[in-house]
Amino acid sequence: MDTSSPTAALDFARDHLEETVELLKRMVETESPTGDAEGVSEVCAQVRELFAEHDPEVTEHEGEWGTHLVMDIAGTGSKHTEAPVLFVGHADTVWSRGTLESMPFRIEDGIAYGPGSFDMKSGLLIMHQGLRLSTALGQSRPPVRVILVGDEEIGSPSSRELLLSCAEGVRAVLGFESPHPGGALKVGRLGSTRLRLEVTGRASHAALDPEGGVNAIDELVDQLTALRSLIASAEAAAPGDVLCNIGTVTGGGKTNVVPAAASADIGLRFRTPEVEAEVLGAIQDLQPIRSDGELKVRTLSQRPAWQADAVDQELLGLVEDASREVGLAEVGGRPAAGAGDTNYLGSLGLPTLDGFGPDGAGAHADHEQVRIESIPERIALLAALLGRL
């Protein structure tokens, strides 16, 4: 490779684009919904196979969600002894097995479509190809640690501690989730908490002994009303800092039986740690309204709010320098409404950016897609960034 050419990095990435798209096809056609341990583990096996050329030290953590994969790759040149950069990704998708029948992988007008293509299997390929390009350019770069988890789409309940341990001692965190529309990076993310309100009442005959029962659904409705009031107060005090969605409500069975159990799953988003702590504390303090009724607030998953700070902006500055180096336009970066595994790490104060996957659209939607032309751009950007870290 003629590394003196200002377009060398992009040229290399474009020369390997056909191969990258074929790898994306293979990965998308390996369905890996959260909870499908076989599919998740197969995607991890494909990634491990790709990364073999980087001679990584590999650790696999097996569990009910499939494989969580950790790979440590040595640095090169004068930077080989420096602290590592952490690459963060996930193998699971929101799409159930069989989705390919109605959403097959296809390419039309320079766009690759398919379940999981944008969120985030294309991002996994950027990791590999960026490292390959860095090596081809003969760069000095720090060591790289890669973590690929299998339960990100439900809040990483089994991989959170592994994520945190992998982040110890790293110099920076790069997340390879999908970017904002147009390719801007994610610098900060809303905190995300999923709660379940569980109400236990007492069953009885709705006509013969209505007073003998405790209606769990009535209690749940009143608790949800109290929750709405609580959220409204928080929104009034800090406009735009909290979002609430009641996602599921279950309970009861027959109209002639006073229901003994009911529950609701709640999704909450927070802009700041302060509002997050205040609202979650108030929800935990909710008490049953009916005597003999019981209320339990169960935390299903919790990702803390990540507010961008000076170290994140400094890292974004290096990205912009790298973008100019390879002849690309300004990348840009702003906070994201959606949460991800970088919440855990950015909230610790580590220099963190997310959204290094290629440009596209339709995460979690049936038009999920990747703009193929953006793939080599992201590969070249990552290689240039690694040379600056």
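Residues numbered from 1 in each chain as written. Predicted model: local features only at pLDDT ≥ 70, side-chain atom pairs only at ≥ 80, totals over all residues. Heavy atoms only, no water.

**Thoughts on the pattern of salt bridges**
Right, on to step 1. Enumeration according to the criterion identifies 23 salt bridges in this entry.
Right, on to step 2. The partner of Glu377 in a salt bridge is Arg371, and the shortest N-O contact between them spans 3.9 Å.
Right, on to step 3. Given a relative accessible area of 27%, Arg371 falls into the partly exposed group.
Right, on to step 4. Each of Glu19, Glu53 and Arg132 takes part in salt bridges that share partners, so that together they form one network. (Salt bridge = Lys/Arg side-chain N within 4 Å of Asp/Glu carboxyl O. Buried < 20%, exposed > 50% of the residue type's maximum accessible area, 1.4 Å probe, protein only.)

**Focus on the nonpolar core**
Right, on to step 1. Phe51, Phe87, Leu174, Phe176, Val319 and Phe356 are the most contacted members of the largest nonpolar core, which has 62 residues in total.
Right, on to step 2. Top contributing element to this core by residue count: helix α10 (residues 374–386), with 9 residues. (Core = buried A, V, L, I, M, F, W, Y, C linked by side-chain atoms within 4.5 Å. Helix = DSSP H or I, 4+ residues; strand = E, 2+ residues; numbered from the N terminus.)

**Some points on the packing of aromatic side chains**
Right, on to step 1. Applying the stated criterion to the full structure yields 2 aromatic pairs.
Right, on to step 2. For the ring pair Phe87 and Phe176, a centre distance of 4.9 Å and an interplane angle of 55° mean the geometry is tilted. Here Phe87 is found in strand β3 (residues 85–90), whereas its partner Phe176 is found in the loop between β7 (172–175) and β8 (185–189), with 89 residues between them in sequence.
Right, on to step 3. Its relative accessible area of 0% is what places Phe176 among the buried residues.
Right, on to step 4. These aromatic residues form a ring-pair network of at least three members: Phe87, Phe176 and Phe356.
Right, on to step 5. The lysine or arginine in question, Arg106, covers the ring of Tyr113, its NZ or CZ lying 4.1 Å from the ring centre. (Phe/Tyr/Trp six-rings, centres within 6.5 Å; stacked < 30°, edge-to-face > 60°. Lys NZ or Arg CZ within 6 Å of the ring centre and 35° of its normal.)

**Let's talk about the environment of Pro142**
Right, on to step 1. For Pro142, the position within the fold is in the loop between α4 (117–136) and β6 (144–149).
Right, on to step 2. What makes Pro142 buried here is its relative accessible area of 0%.
Right, on to step 3. Put simply, Pro142 and Leu386 are 244 residues apart on the chain and 7.4 Å apart in space, counted from C-alpha to C-alpha.
Right, on to step 4. Not counting the four nearest positions on each side in its chain, Pro142 is found in contact with Gly75, Lys79, Glu82, Ala83, Val85, Arg171, Leu386 and Leu389. (Contact = heavy atoms within 4.5 Å.)

Geometric descriptors of this kind do not, in isolation, establish any biological role.
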